[in-house]
Amino acid sequence: MAKNILLLNGPNLNLLGSREPHIYGKTTLDNVVSSIRAVVEAAGGKFASFQSNHEGDLIDRIHQAKQDKVDLIVINPGGLTHTSVSLRDALSGVNIPFYEVHISNIHQREPFRHHSYLSPIAEGVICGFGTDGYRMAVEFALKH
């Protein structure tokens, strides 16, 4: 069955490729989106992507996902991972399965990054595999 997948990226992920490349690599967000689009469409699925530096915009897009009949969300919430109960509530509220992705290994970084408000309700969490983590999440989701 073809799946309708939404890729969400939170604050500062628009800076991929130039922001702290020693942590986040040199791949741009446009490159990530293009490669994930290709994977989803090759599997016969539908794909949409959204990035915002604003929590409310991400929440609105999550709400819209229910109306769009999205089957699965892959989200890199960026710094909102560690602070946003509202983002968690939005994901819970739409009842769409989601995978949480982090480019760096958040458990090797500053202690405040070790906690995620989203992980307890995520289908899975991938961190520390660079931008390949997005592909891993999508490929797993397409199989299950």
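Predicted model, so just to flag it, every value in this text is computed and none were measured.

Draft legend 1. Quick look at helix α5 (residues 132–143). With 12 residues, α5 extends 17 Å between its outermost C-alpha atoms, agreeing within 8% with the 16 Å of an ideal straight helix rising 1.5 Å per residue. Where α5 is concerned, the buried positions are Gly133, Tyr134, Ala137, Val138 and Ala141. All buried residues of α5 project into a common sector of 130 degrees when viewed along the axis, lining one side. Where α5 is buried, its residues contact β1 (4–9), α2 (29–42), β3 (72–76), β4 (98–102) and β5 (124–127).

Draft legend 2. Layout of the UniProt feature "active site" (unreviewed entry) in the chain. Here, the residues flagged by UniProt with the feature "active site" (unreviewed entry) are Tyr24 and His102. These residues run over 79 residues, yet every pair of their C-alpha atoms falls within 9.4 Å of each other. With respect to the secondary-structure elements, Tyr24 resides in helix α1 (residues 21–24). Ignoring any residue separated from it by four or fewer positions in sequence, one finds Tyr24 in contact with Leu16, Arg19, Ile103, Ser104 and Arg109. The topology assignment puts His102 in strand β4. Not counting the four nearest positions on each side in its chain, His102 is found in contact with Asn76, Pro77, Thr81, Ile126, Cys127 and Gly128.

Draft legend 3. A look at the pattern of salt bridges. Summed over the entire model, instances satisfying the criterion amount to six salt bridges. One salt bridge connects Arg113 with Glu110, and the closest N-O pair in it is separated by 2.6 Å. With a relative accessible area of 15%, Arg113 lands in the buried category. Residue classification places Glu110 among the partly exposed positions, given a relative accessible area of 33%. The partner of Arg135 in a salt bridge is Glu139, and the shortest N-O contact between them spans 3.1 Å. Of the two residues, Arg135 and Glu139 are both situated in helix α5; the distance of four residues between them amounts to about one turn of the helix. When its relative accessible area of 31% is taken as the criterion, Glu139 is described as partly exposed. Each of Arg109, Glu110 and Arg113 takes part in salt bridges that share partners, so that together they form one network.

Draft legend 4. Here's a closer look at the packing of aromatic side chains. One pass over the structure, following the stated rule, counts one aromatic pair. Aromatic side chains Tyr99 and Phe140 sit 5.9 Å apart centroid to centroid with 75 degrees between the ring planes, which places their arrangement in the edge-to-face category. With Tyr99 in strand β4 and Phe140 in helix α5, this residue pair connects regions lying 41 residues apart in the sequence. For Phe140, a relative accessible area of 40% translates into the label partly exposed.

Draft legend 5. Representation of the UniProt feature "binding site: substrate" (unreviewed entry) in the chain. The feature "binding site: substrate" (unreviewed entry), as annotated in UniProt, sits at Asn76, His82, Asp89, Ile103, Ser104 and Arg113 in this numbering. Maximum C-alpha separation among the annotated residues is 24.4 Å over a sequence range of 38 residues, too wide for a single clustered spot. For Asn76, the location among the structural elements is in strand β3. Leave out the neighbours within four places in its chain, and Asn76 touches Leu8, Asn9, Gly10, Leu13, Val101, His102, Ile103 and Tyr134. Along the chain, Asp89 falls in helix α4 (residues 85–94).

Thresholds applied
- Residues numbered from 1 in each chain as written.
- Predicted model: local features only at pLDDT ≥ 70, side-chain atom pairs only at ≥ 80, totals over all residues.
- Heavy atoms only, no water.
- Helix = DSSP H or I, 4+ residues; strand = E, 2+ residues; numbered from the N terminus.
- Expected span 1.5 Å × (residues − 1).
- Buried < 20%, exposed > 50% of the residue type's maximum accessible area, 1.4 Å probe, protein only.
- Arc of directions from axis to C-beta.
- Contact = heavy atoms within 4.5 Å.
- UniProt positions renumbered as here; feature names shortened; annotations may be inferred.
- Salt bridge = Lys/Arg side-chain N within 4 Å of Asp/Glu carboxyl O.
- Phe/Tyr/Trp six-rings, centres within 6.5 Å; stacked < 30°, edge-to-face > 60°.

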